[in-house]
Amino acid sequence: MLDQASQARRSPQGPSALRQRLSRWDVKYAPYLFIAPFFVVFAVIGLYPLLYTGYLSFFSWPRFGAEHGDAVGWANYSHVLSDPVFRKAIVNTIGIFLLSSVPQVIVATVIAALLDTNLRGRSWWRMSVLLPYVVAPAAAALIWGAIFADNSGLANEILRVVGIDPIGWHSDRFASWTAIATMVNWRWTGYNTLIILAAMQAVPRDIYESASIDGANRVRQFWNITLPSIRPTMVFVIVTSTMGGLQIFTEPRLFDTNLQHQGGANYQFQTLTMYVFNTANSATDPYPRAAAAAWLLFLLIVGIALLNFLVTRAVQRRSLR
């Protein structure tokens, strides 16, 4: 009898027990409910189209057909991989990516380091670096397209003044890559600068004070304190820049003065996303072949992003030894 009474006192009944149960559920399941909306939206507008695109790439679907046709296996992938235009698009995409993302991250880190000092008007400078990001991509591409015009562009006029022959920014392959990369760097460098600057400002100031007392100058503090402290943010910036650089579309499409938007007369600056778009608007079995090209682009992005992550992780482990 006494054991039953003591057990009844230890196990609350009624509303008190219900409140305790709800409290445990709140602590246990509430975080999952908070993040659930993102994953639901991602599943609807991100994951489902991705999976359906992969499914569609194994079928034949005429342009004006109501339903897809017969299964063709890997034929769409074979057609895309054997297309010389697709191979050119891969080289163009990687070339523009290297000319844009690599200098972009370096310059953004340097500017962030300068803005992290006791600079006069720091708020104004920090706001000004983000102004190019506010400009609409179409407007920015049109302005830079006029600057890099072959005949009457500002860039060639400056070259004429200094005695250099004008450059065919649209006809020369490397020159077109440089022009497009300049547009991308102008737009995204300030955005990455503010992300890196936020990480730099989170580094405790007393570490720098101790380093100064020990005789470390600003350069040594940057290499030995700042960069190791913001390494996770640098990984994030590098990975996002990689994904964005490999999916570039607006700048090369608007840079193309040809009404067909093929990425140049000889496809000299057509990117992979332009190839997917143009394939989807072609006349012969467009959607499955565009889906196959989109999945190849997806695998390329995942592969390069994973390579960036592994290299950065290896550098981090070596620095910690």
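The rules we used
Residues numbered from 1 in each chain as written. Predicted model: local features only at pLDDT ≥ 70, side-chain atom pairs only at ≥ 80, totals over all residues. Heavy atoms only, no water. UniProt positions renumbered as here; feature names shortened; annotations may be inferred. Core = buried A, V, L, I, M, F, W, Y, C linked by side-chain atoms within 4.5 Å. Buried < 20%, exposed > 50% of the residue type's maximum accessible area, 1.4 Å probe, protein only. Helix = DSSP H or I, 4+ residues; strand = E, 2+ residues; numbered from the N terminus. Contact = heavy atoms within 4.5 Å. Phe/Tyr/Trp six-rings, centres within 6.5 Å; stacked < 30°, edge-to-face > 60°. Patch = residues over 30% accessible without salt bridge, like charges linked within 9 Å, V, L, I, M, F, W, Y side chains within 5 Å. Areas by Shrake-Rupley, 256 points an atom, 1.4 Å probe, with all protein chains shown as cover. Salt bridge = Lys/Arg side-chain N within 4 Å of Asp/Glu carboxyl O. Polar contact = N/O pair within 3.5 Å; in protein donor to acceptor, adjacent residues only side chain to side chain. Axes fitted to C-alpha atoms, helices over the stretch in contact; angles between N-to-C directions. Parallel < 35°, antiparallel > 145°, perpendicular 65-115°, else oblique. Left-handed = near helix turned anticlockwise from the far one by under 90°. Nonpolar A, V, L, I, M, F, W, Y, C, P; charged D, E, K, R; others polar. Arc of directions from axis to C-beta.

Looking at an unreviewed UniProt entry, one finds the protein chain named Cellobiose ABC transporter membrane protein and attributed to Nocardioides albertanoniae. Under Subcellular location (unreviewed entry), UniProt gives the following word-for-word description of the protein chain: "Cell membrane". Taken verbatim from the UniProt record of the protein chain, the Sequence similarities (unreviewed entry) comment is "Belongs to the binding-protein-dependent transport system permease family."

Undergrad: Would you take a moment to explain the nonpolar core for this structure?
TA: The nonpolar side chains of a soluble globular protein tend to be buried, and buried together. With 18 residues, the main nonpolar core has Val-80, Phe-86, Tyr-275 and Ala-293 as its most contacted residues. Contributions of two or more residues to this core are made by α3 (75-81), α4 (84-115), α14 (272-280) and α15 (286-320). In terms of residue count, the dominant contributor to this core is α15 (eight residues). If near-sequence neighbours (up to four positions away) are discounted, Tyr-275 is found in contact with Val-80, Asp-83, Val-85, Phe-86, Ala-89, Gln-270 and Ala-293.

Undergrad: Got a minute to help me understand the packing of aromatic side chains in this structure?
TA: One pair of aromatic rings is described through two measures. These are the centre distance and the angle between the planes. Summed over the entire model, instances satisfying the criterion amount to 21 aromatic pairs. Considering the side-chain rings of Phe-58 and Tyr-77, the 5.5 Å spacing of their centres and the 45 degrees angle between planes classify their relative orientation as tilted. Separated by 19 residues along the polypeptide, Phe-58 in the loop between α2 (15-56) and α3 and Tyr-77 in helix α3 bring together distant segments of the chain. Consider the rings of Phe-222 and Trp-223, whose centres lie 5.8 Å apart with planes at 80 degrees: the pair is edge-to-face. In this structure Phe-222 comes out as buried when scored by relative accessible area, which is 19%.

Undergrad: I keep staring at a nonpolar patch on the surface and nothing clicks. Help me out?
TA: On the surface, Trp-25, Tyr-29, Tyr-32, Phe-34, Ile-35, Phe-38, Phe-39, Phe-42, Leu-47 and Leu-51 cluster together into a nonpolar patch covering about 1,200 Å² of accessible area. Within the secondary structure, Tyr-32 sits in helix α2. Residue classification places Tyr-32 among the exposed positions, given a relative accessible area of 57%.

Undergrad: How should I be thinking about the side chain of Gln-104 in this particular structure?
TA: Locating Gln-104 in the fold gives a position in helix α4. Excluding residues within four positions of it along the chain, Gln-104 makes contact with Val-184, Asn-185, Trp-188, Thr-189, Asn-192 and Ser-241.

Undergrad: Which parts of the structure should I look at to understand the side chain of Thr-279?
TA: With respect to the helices, strands and loops of the structure, Thr-279 is situated in helix α14. Note on Thr-279: relative accessible area 11%, which makes it buried. Within the structure, Thr-279 has its side chain in polar contact with the backbone oxygen of Tyr-275 (distance 2.6 Å). Not counting chain neighbours up to four residues away, the residues in contact with Thr-279 comprise Pro-286, Arg-289 and Ala-290.

Undergrad: It is not clear to me how the packing of α4 against helix α12 (residues 231-246) should be interpreted in this structure. Could you clarify?
TA: The contact between α4 and α12 brings their axes to 9 Å, and the two run at 150 degrees. Comparing the axis directions of α4 and α12 gives the class roughly antiparallel. Once α4 is placed against α12, the crossing between them reads as right-handed. For the pair α4 and α12, contact is made by Thr-93, Phe-97, Ser-101, Gln-104, Val-105 and Thr-109 and by Met-234, Val-237, Ile-238, Ser-241, Thr-242, Gly-245 and Leu-246, respectively. Classifying every residue of the contact of α4 with α12 by side-chain character gives six nonpolar, seven polar and no charged.

Undergrad: What is the right way to read the pattern of salt bridges from this model?
TA: Per the counting criterion, the structure on display carries two salt bridges. A salt bridge links Arg-205 to Asp-116, with the shortest nitrogen-to-oxygen separation between them at 3.6 Å. With a gap of 89 residues between them, Arg-205 in helix α10 (residues 205-213) and Asp-116 in the loop between α4 and α5 (122-128) connect regions that are remote in the sequence. Exposure remark for Asp-116: the relative accessible area of 19% places this residue in the buried category. Here Arg-160 and Glu-157 are joined by a salt bridge, their closest N and O atoms 2.9 Å apart. One end of the pair is Arg-160 and the other is Glu-157, both in helix α8 (residues 154-161) and three residues apart, which spans about a single turn. Residue Glu-157 is classed as partly exposed on the basis of its relative accessible area of 37%.

Undergrad: Just to check I follow, could you spell out helix α11 (residues 218-229) for this structure?
TA: Residue pairs spaced three or four apart in an α-helix point in one direction, given the helix's 3.6 residues per turn. Those residues of α11 lying buried are Gln-221, Phe-222, Ile-225 and Thr-226. Viewed along the axis of α11, the buried residues span an arc of 125 degrees, placing them on a single side of the element. Exposed residues lying more than 90 degrees from the buried face of α11 are Val-219, Arg-220 and Trp-223. Taken together, the buried residues of α11 touch α4, α9 (173-201) and α10.

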